[in-house]
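Each chain is listed here by its residues.
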Amino acid sequence: MKGRVELLAPAGSREAFLAAVENGADAVYLGGKLFNARQFAENFDMEQLKWAADYAHVRDARVYLTMNTLMADSELGQAMDFAQEAYLAGIDGVIVQDVGFASLLREAFPDLSLHASTQMTIYSLEGVKTLEKLGFKRVVLARELSMEEIKHIAANTEVELEVFVHGALCISYSGQCLMSSMIGGRSGNRGKCAQPCRLPYGLVGGSSEVQSKAGHGGKKQGPAHPSASARAGVREPFRYLLSPKDLCAVELLGPMVDTGVKSLKIEGRMKSPEYVATVVRVYRKYLDRVQRHRDGNGFCTVEGQDLKDLAQIFNRGGFSQGYLRGKPGREGMCLEKPKNWGIYLGEILSYDRLSSAFKIKLEEELSLGDGVEVWNGEEGSPDTVVSEIKLDGSRVDRAAPGQTVTVGHLKGRLQRGNKVYKTSDKNLNAQARETFSGKFLKKIKIRGRLSVKRGEPVDFWVRDPEGNQVCAGSSAVPQEALNSPLVKERIAEQLKKTGNTPFEFEEIEIELDENLALPVRVINELRRSALEELEALRARRFHRKPPPNAEARRARLPGAGGGGPQASMGPGPAPAVGGQDGMPLPRREGGAAGLSLLFHSWNEAFNGMDMAGDRVYLPLGAFVEGRIREASLCSWRKKGVEVFIHLPPVTRGRWDKILRSGLGEIVESGIGGFMIGNLGHMEYVKSPGPLKIVGDFSLNVFNSISEKKLLDLGLDGITLSPELNLAQLARLQRFEGLERETVVYGRLPLMTSEYCPVGSTGGGPGAAGAKCSGACKKGTYRLRDRKGMEFPVLCSPEDCRSRIFNSKVLFVPDSLEKLKRSGINRIRLDLLEEEPEMVERITGMYRDVWENGQKALEKYGALVDRIKGEGFTRGHYFRGV
């Protein structure tokens with residue numbers, strides 16, 4: 001363990017911030033009105049942020065500003081202006097996702113601690129090392145890591161590590177979810193996630209006639225049409241198959257501290273202040289115990305009432321320990337309801353429709369003002385605030401466990417046997433509210449020295465533990481006492497009345513001459529003045545001066561008229577055809593330059609196929625398992641086709657072991673480069689030799705600064721974020737030596753998850769107690785939503801990982817000329833379920849239109865109609881996020 005471990009709490013509002021600090025958080029993370037991943041929280045404007053920073057610093061707490069969204073070129077100036085104001089206000093760190101924005105912050109504010117958001121999908125030591133080179137001081141690790149993995153990373157880096165220990169879990173790796181964006185236009189990468197993972201889905205498929213292995217390989221192809229899987233039937237009824245239980249690691253605080261992490265993080269900027277108060281209170285209590293002493297096995301024994309308080313304030317079907325002790329499988333999911341359950345009260349014994357009251361034998365205490373919900377099988381369960389409790393016919397304010405009472409009033413289709421849950425506890429909420437309602441709990445121990453000397457003005461010195469010292473003086477001079485002279489005890493009593501301030505005297509030294517008198521109001525004024533000065537001093541010590549050359553840096557930002565970061569061309573229109581010199585893209589024998597094919601899985605029937613593009617990205621597993629024939633590689637190379645190994649966003653487990661052991665034989669087979677899906681992959685691919693490195697869109701490149709930073713890091717090309725629209729693409733700077741690619745066809749991966757809905761739920765009733773049923777080896781599967789849309793699930797049996805793809809193919813052959821004018825010099829087709837014949841037809845069409853213009857599309861009417869008839873999307877090219 002490297003020093004004291006920080007307890008980090010969320011704040012989506014002023015009240016939640018107070019709740020966090022006053023209940024003992026060492027640090028608080030919060031967002032401004034823009035550029036943070038919780039845009040629907042109340043958040044903080046600049047004046048509120050300044051207040052929060054001062055409030056926290058006075059009380060020895062820290063404030064981290066979340067600016068953890070992707071930013072377009074046109075937004076970077078505003079983001080930097082806001083960051084500079086926050087920097088001047090004294091924030092202690094900034095949490096970011098965008099690589100380009102992070103580089104601007106590091107250049108402008110080198111003394112500001114840079115924290116990598118979990119949105120950057122860092123799950124390995126290699127990823128941490130890459131971010132260390134980019135100037136990050138702290139990394140928020142992916143929630144999917146086990147304690148073993150966390151401990152390994154901590155032991156091999158000086159970068160601070162931050163890990164979530166409580167709150168909501170995303171089913172997808174953070175930063176790798178496009179589901180909300182592609183389905184409803186609300187991007188999680190832009191702070192506006194609509195949480196489609198909390199909607200019900202059915203699991204469709206299971207036919208053994210077709211089989212598709214993981215995204216790194218697969219011997220057979222999946223069904224070409226949604227109907228193929230539909231014929232196999234629904235294997236799992238509509239349930240909340242993508243809704244995880246909330247994380248609760250309070251019982252693991254001992255081993256978590258032992259991993260060597262710097263910060264333990266509570267999720268919840270969208271949660272209530274009462275939630276923040278309760279969770280922080282409990283975690284503060286046990287983290288203090290852990291850091292003082294623990295029982296023999298290293299685990300912290302948590303009292304039952306504290307566990308109950310955590311569950312009462314918010315839970316989804318109980319809690320899980322997430323991935324900290326391994327994959328939880330189905331046990332980590334909340335399949336029945338995706339919202340707060342509260343605590344189980346019991347079953348309805350009877351219901352009187354006339355009085356709208358139900359009888360129940362209580363399993364927990366119930367009070368007037370508590371919230372209850374009845375599960376009656378309907379989607380919108382009836383709920384109410386308890387307004388009446390009758391025990392033996394008499395009204396009572398509360399009832400104890402074991403008592404049978406009548407509860408009112410609640411209308412709805414209720415009947416005997418319906419389960420009842422207490423969703424809110426009036427007393428628990430009141431207890432929590434007391435902590436952030438103006439009554440300060442967190443006090444700083446200080447020392448004072450008062451000098452009352454004959455014939456001299458009175459001085460009062462106050463000093464805090466850090467050595468900050470102030471002196472409050474008074475023009476009043478003590479007089480000779482006529483009746484009752486001052487005594488030290490009386491003076492100390494007055495000085496210790498610190499009241500509603502953040503201070504508490506632990507020692508007061510009083511120098512007092514005999515037989516003197518001084519009005520009490522003078523002593524009170526001295527105390528008030530000294531404490532106000534000390535509070536201001538403790539806040540002011542963190543304020544900063546403006547950094548040098550701020551205006552010059554601002555002028556160099558894209559769109560500010562300064563030309564951007566060493567751009568080879570300005571932000572104006574792109575070349576009309578696509579070459580950097582305005583000439584047509586050069587052709588290579590056997591294919592069109594600037595057209596790539598990416599295979600998410602590999603069908604051996606693809607061997608020998610005449611690739612229509614000049615580059616193919618093939619899954620690593622197809623090489624490792626020897627399913628790509630040497631003859632095919634030779635044939636493609638002779639025709640000028642570059643062969644790249646595609647590394648998906650997450651390669652934990654088997655694939656990381658292979659990558660760490662080296663890729664000598666595969667590289668010697670003649671590959672032309674790597675497409676990397678994670679920044680950590682740079683540590684793997686930089687050593688094999690002079691091979692090209694292309695970044696996949698999972699790197700979330702959204703602006704010119706990010707492009708330049710990755711170019712400097714060693715990338716030769718980038719597949720830009722599919723969330724950029726045409727106007728944003730056109731505004732991007734262009735850099736010599738950096739190839740710019742975008743996806744124009746295919747089912748985009750919407751989620752990458754360590755949870756597999758197929759293995760966890762697709763095996764039927766027998767899989768209920770198992771972490772994996774192995775069902776993915778028996779066929780192909782899709783998730784079907786309530787509108788009948790089906791999302792292919794690509795499973796990785798090797799590591800029990802899954803990727804969920806869009807229900808519709810991206811299809812924009814009529815927009816290729818616009819993409820050329822936007823500066824795109826390479827287009828990409830993503831292939832998942834297409835058979836070889838269909839691949840050849842689609843790639844031939846795109847090659848023709850890409851080379852010969854829009855008019856060439858007219859000859860492909862039948863193919864266009866077929867693709868559109870099966871469901872397509874134009875993505876974000878014409879809307880953006």
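For clarity, every value in this text was computed on a predicted model and none was experimentally measured.

S.K.: How would you explain unusual backbone geometry if you had to name every residue and give the values?
M.R.: The omega torsion across glycine 408 and histidine 409 is 5 degrees, close enough to zero to call that bond cis. Even without glycine at this site, threonine 121 takes up a positive phi of about 55 degrees. Among the secondary structure elements, threonine 121 is positioned in the loop between strand S5 (113–116) and helix H5 (125–133). Its identity as a non-glycine residue notwithstanding, cysteine 800 has a phi of 50 degrees, on the positive side. Within the secondary structure layout, cysteine 800 lies in the loop between strand S39 (790–796) and strand S40 (801–805). For cysteine 800, a relative accessible area of 28% corresponds to the partly exposed category.

S.K.: Which residues make up the nonpolar core, and what are the values?
M.R.: With 211 residues, the main nonpolar core has Phe17 and Tyr846 as its most contacted residues. Residue contacts for phenylalanine 17: discarding those within four places in its chain leaves Ala11, Val28, Leu30, Phe44, Trp51, Ala52, Tyr55, Ala56 and Val63. Ile446, Val462, Ala530 and Ala539 belong to the second largest nonpolar core, which has 27 residues in total.

S.K.: How would you explain the packing of aromatic side chains if you had to name every residue and give the values?
M.R.: For the structure shown, the criterion picks out 22 aromatic pairs. With a centroid separation of 5.8 Å and 65 degrees between ring planes, the pair formed by tryptophan 341 and tyrosine 421 is classed as edge-to-face. Of this pair, tryptophan 341 sits in the loop between strand S12 (319–320) and strand S13 (343–352) while tyrosine 421 sits in strand S22 (residues 419–424), and the two are 80 residues apart along the sequence. Exposure remark for tryptophan 341: the relative accessible area of 13% places this residue in the buried category. Its relative accessible area of 9% is what places tyrosine 421 among the buried residues. Between tyrosine 617 and phenylalanine 644, the ring centres sit 5.5 Å apart and the planes meet at 85 degrees, which makes this aromatic pair edge-to-face. A residue pair is termed long-range when its members are at least 10 positions apart, and tyrosine 617 in strand S31 (residues 613–619) and phenylalanine 644 in strand S32 (residues 642–646) qualify at 27 residues. Aromatic rings pair up to connect Phe17, Phe44, Trp51 and Tyr55 into one cluster. The lysine or arginine in question, arginine 14, covers the ring of tryptophan 51, its NZ or CZ lying 3.9 Å from the ring centre. Between the NZ or CZ atom of lysine 271 and the centre of the ring of phenylalanine 314, over which it lies, the distance is 4.5 Å.

S.K.: For helix H6 (residues 147–155), give the residues involved together with the corresponding values.
M.R.: Residues of H6 that are buried include every one of Met147, Ile150, Ile153 and Ala154, and no others. End-on, the buried residues of H6 take up no more than an arc of 125 degrees, which puts them together on one face. Exposed residues on H6 whose side chains face more than 90 degrees from its buried face are Glu148 and Ala155. The secondary structure elements touched by the buried residues of H6 are H5, strand S7 (160–167) and helix H9 (253–258).

S.K.: Before we move on, could you go through the sheet that holds strand S17 (residues 383–385) and cite the residues and values that matter?
M.R.: Read from one edge to the other, the open sheet built from 8 strands follows the order S17-S16-S22-S13-S14-S21-S18-S19, with strand pairing classed as antiparallel. Each having just a single partner strand, S17 and strand S19 (394–395) make up the two edges of the open sheet. In the sheet, strand S16 (residues 371–375) pairs with S22 via 5 bridges, with the strands oriented antiparallel. The residue of S22 that forms the bridge with glycine 371 is serine 424.

S.K.: I'd love a proper account of the side chain of asparagine 340, names of residues and values included.
M.R.: Among the secondary structure elements, asparagine 340 is positioned in the loop between S12 and S13. The class for asparagine 340 is buried, based on a relative accessible area of 15%. Only 3.0 Å separates the side chain of asparagine 340 from the backbone nitrogen of asparagine 315, close enough to count as a polar contact. Of the polar contacts made by the side chain of asparagine 340, one reaches the backbone nitrogen of glycine 342; its length is 3.1 Å. Ignoring sequence-local partners within four residues, the contact set of asparagine 340 consists of Ala311, Gln312, Ile313, Phe314, Asn315, Glu373 and Thr423.

S.K.: Break down helix H18 (residues 654–661) for me, with residues and values.
M.R.: Of all the residues in H18, the buried ones are Trp655, Asp656, Ile658 and Leu659. What you see down the axis of H18 is that its buried residues fit within an arc of 160 degrees, all on one side. Turned more than 90 degrees from where H18 packs its buried face, Lys657 and Ser661 sit exposed. Turning to H18, the residues buried within the fold contact helix H16 (620–624), helix H20 (682–685) and S39. Glycine 662 sits one or two residues past H18 and shows a positive phi near 105 degrees.

S.K.: Break down the packing of helix H1 (residues 14–22) against helix H10 (residues 273–292) for me, citing the residues and quoting the values.
M.R.: Helix packing geometry: the angle between the two helix axes and the distance between the axes. For the pair H1 and H10, interaxial distance at closest approach is 8 Å and the crossing angle is 10 degrees. Regarding the angle of H1 to H10, the classification is roughly parallel. On the side of H1, the interface is formed by Glu15, Ala16, Ala19 and Ala20, while H10 contributes Pro273, Val276, Ala277 and Val280. Classifying every residue of the contact of H1 with H10 gives 7 nonpolar, no polar and 1 charged.

S.K.: Could you give me a rundown of the sheet that holds strand S24 (residues 459–463), with the residues and numbers involved?
M.R.: Within the open sheet, the 4 strands sit side by side as S25-S24-S23-S27. Their pairing is mixed. Looking at strand neighbours, the two that pair on one side only are strand S25 (469–473) and strand S27 (503–512), the edges of this open sheet. In this sheet, neighbouring strand axes are inclined to one another by 20 degrees on average, regardless of whether the strands run parallel or antiparallel. Pairing of strand S23 (residues 444–452) with S24, which is carried by 5 bridges, proceeds in the antiparallel orientation. Paired with glycine 448 across the two strands is valine 462, which belongs to S24.

Conventions used here
Residues numbered from 1 in each chain as written. Predicted model: local features only at pLDDT ≥ 70, side-chain atom pairs only at ≥ 80, totals over all residues. Heavy atoms only, no water. Helix = DSSP H or I, 4+ residues; strand = E, 2+ residues; numbered from the N terminus. Buried < 20%, exposed > 50% of the residue type's maximum accessible area, 1.4 Å probe, protein only. Core = buried A, V, L, I, M, F, W, Y, C linked by side-chain atoms within 4.5 Å. Contact = heavy atoms within 4.5 Å. Phe/Tyr/Trp six-rings, centres within 6.5 Å; stacked < 30°, edge-to-face > 60°. Lys NZ or Arg CZ within 6 Å of the ring centre and 35° of its normal. Arc of directions from axis to C-beta. Pairing = 2+ DSSP bridges. Polar contact = N/O pair within 3.5 Å; in protein donor to acceptor, adjacent residues only side chain to side chain. Axes fitted to C-alpha atoms, helices over the stretch in contact; angles between N-to-C directions. Parallel < 35°, antiparallel > 145°, perpendicular 65-115°, else oblique. Nonpolar A, V, L, I, M, F, W, Y, C, P; charged D, E, K, R; others polar.

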